[in-house]
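The chain contents come next:
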Amino acid sequence: MFDYAGSIHFHSSYSYDARVPLPDILKDAAGAGLHFAILTDHFSQDARANGFAGYHKDLLLIVGEEISPRYNHYVALGLTEPLVVWKSESNAQRVIDAVNAQGGFGFISHPDHAGAPLVGSRAYPWIEWDVHGYAGMSIWDLSSDWNSSLTSIWQTWMSCWKPDQALKGPQEKTLARWDALTHQTHCVAIGEIDNHAHHRSFFGFKRNIFPFEFAFRTIRTHVLLDDPLVKDAHEDERSVLTALRQGQSYVSLDLWNDPTGFSFTVFDGKHRAKPGSDIVRQGATLLETKLPGPGKIRLIRNGHMVKEEARRSALQWDVDLPGVYRVEAQQYVSGRWRPWIFSNPIWVK
């Protein structure tokens, strides 16, 4: 399959809480080697109205929107016009329905965002789980992961100095919540950066959190396409969004090792399932995953690890039970195992 790396959820000066002009952001995105980038300014489609959507040389810019009341932030894609709600909007289902009514779809954003009380950063979690009609949820975002490290003055200083060392991966409770949802419905995952490039001061330490040139090299969502992109903006945007909606993708931290070449399939001799799809077993069935280099591979079934292989680049498993299967991989960097790849599931029935 054809692997295209993208960055989802960031803000330009079209947002009320961001400052970097979009042309500058696009230069950083191209410099980071992204194939696509999804802009999600708050309650705004101005970037599309001003002609920024589409290709900028080899980079495809897709314009979405972050719908952001006090809680229950929602990354909406495929909208035809801006969707604005009051900050006090408390009905998440109404937001989801309004996006769907436009023919769009969306993802629950930073669901377990806890903020950083020590430095006055507010929490923006998702608090209404009795909802339906969304495509999936974010399992890992740069802002939340980094914020979780700001637990003391020393930790804050270290995290500002070396932000890459502060990244720990998706929260266990977020993955557990996602696993529970995948057992009930077709719920797929994305990664996001939620970047504003704010200038902040922590205990006298001033820092740009984060420059886009850094943020775009961190948490990405790779889409896996049957056919290559054709450099037609409308057609390629449709291909990327379809893959994201179906979960034909995986989430990764690309900062140290390029995950391109990762694969995950289930094969029963006649049919082959890929991430985001399902397969009905019709005899002996093999699950196989491959990494582009050595790592620690974990096979998860229904939220529980069933196999782990360390310092390997492939794993195989005879699938004898139905369930929701997904793969995690870690990379060994600077003396310890760090998060690398989180696949979308394959549903075996």
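Scroll up a little and you will see the structure.
Note that the structure is predicted; figures quoted are calculated from it, not measured.

Conventions adopted
- Once a new chain begins, its residue numbering starts again from 1 and follows that chain's sequence as written.
- Side-chain atom pairs in this predicted model are given and counted only at pLDDT of 80 or more, local residue features only at pLDDT of at least 70, and totals for whole chains, interfaces and linings cover all residues.
- Note that water and hydrogens are dropped before the side-chain values are worked out from all heavy atoms of the structure.
- The numbering of helices and of strands both runs from the N terminus, where a helix is a DSSP run of H or I of at least 4 residues and a strand a run of E of at least 2.
- Contacts are residue-level and defined by heavy atoms, with any inter-residue pair within 4.5 Å sufficient.
- Each patch groups residues whose relative accessible area exceeds 30% and which form no salt bridge, using 9 Å between like charges and 5 Å between nonpolar side chains of Val, Leu, Ile, Met, Phe, Trp and Tyr.
- In this description, accessible areas are obtained by the Shrake-Rupley approach with a 1.4 Å probe, and a residue is regarded as covered only by the protein chains that are shown.
- Note on definitions: salt bridges are taken to be side-chain nitrogens of Lys or Arg within 4 Å of carboxyl oxygens of Asp or Glu.
- Within this scheme, the nonpolar core is defined by two criteria: the residues are buried Ala, Val, Leu, Ile, Met, Phe, Trp, Tyr or Cys, and they are joined through side-chain atoms within 4.5 Å.
- Exposed residues in this analysis have more than 50% of their type's maximum accessible area, buried residues have under 20%, and partly exposed residues fall in between, with area computed by a 1.4 Å probe over protein chains only.
- Stacked, edge-to-face and tilted labels apply to pairs of Phe, Tyr and Trp rings (six-membered ring for Trp) whose centres lie within 6.5 Å, assigned for plane angles under 30 degrees, over 60, and everything in between, in that order.

With that settled, the discussion passes to the side chain of Glu-237. Within the fold, Glu-237 resides in helix α8 (residues 233–246). Excluding residues that lie within four positions of it along the chain, Glu-237 makes contacts with Arg-48, Leu-60 and Ile-62.

Moving on to a nonpolar patch on the surface. There is a patch of nonpolar side chains on the surface, built from Trp-154, Trp-157 and Trp-161 and spanning about 390 Å² of accessible area. Structurally, Trp-154 is set in helix α5 (residues 153–161).

With 58 residues, the main nonpolar core has Phe-10, Leu-61, Ile-67 and Phe-216 as its most contacted residues. Apart from residues no more than four positions distant in its own chain, Phe-216 is found in contact with Ser-7, Phe-10, Ile-25, Asp-28, Ala-29, Ala-32, Leu-34 and Ile-193. Among the nonpolar cores identified, the runner-up in size contains 22 residues, and Leu-60, Leu-77, Val-240 and Leu-241 belong to it.

This next bit is on the packing of aromatic side chains. For the coordinates displayed, the defined rule picks out 14 aromatic pairs. Aromatic side chains Trp-154 and Trp-157 sit 5.8 Å apart centroid to centroid with 15 degrees between the ring planes, which places their arrangement in the stacked category. With Trp-154 and Trp-157 both in helix α5, this residue pair falls three residues apart, about one helical turn. Residues Tyr-250 and Phe-262 carry aromatic rings whose centres are separated by 4.9 Å and whose planes lie at 65 degrees to one another, so their mutual orientation is edge-to-face.

Turning our eyes to something else, we now look at the pattern of salt bridges. Here the structure, examined in full by the defined rule, presents 11 salt bridges. The closest approach of N and O atoms between Arg-326 and Asp-179, which form a salt bridge, is 2.8 Å. Taken together, the positions of Arg-326 in strand β19 (residues 323–333) and Asp-179 in helix α6 (residues 172–182) put the pair 147 residues apart, joining distant regions of the chain. Two residues, Glu-309 and Lys-307, come together in a salt bridge whose shortest N-O distance is 3.7 Å. Because the salt bridges share partners, they merge into one network encompassing Asp-179, Arg-326 and Glu-328.

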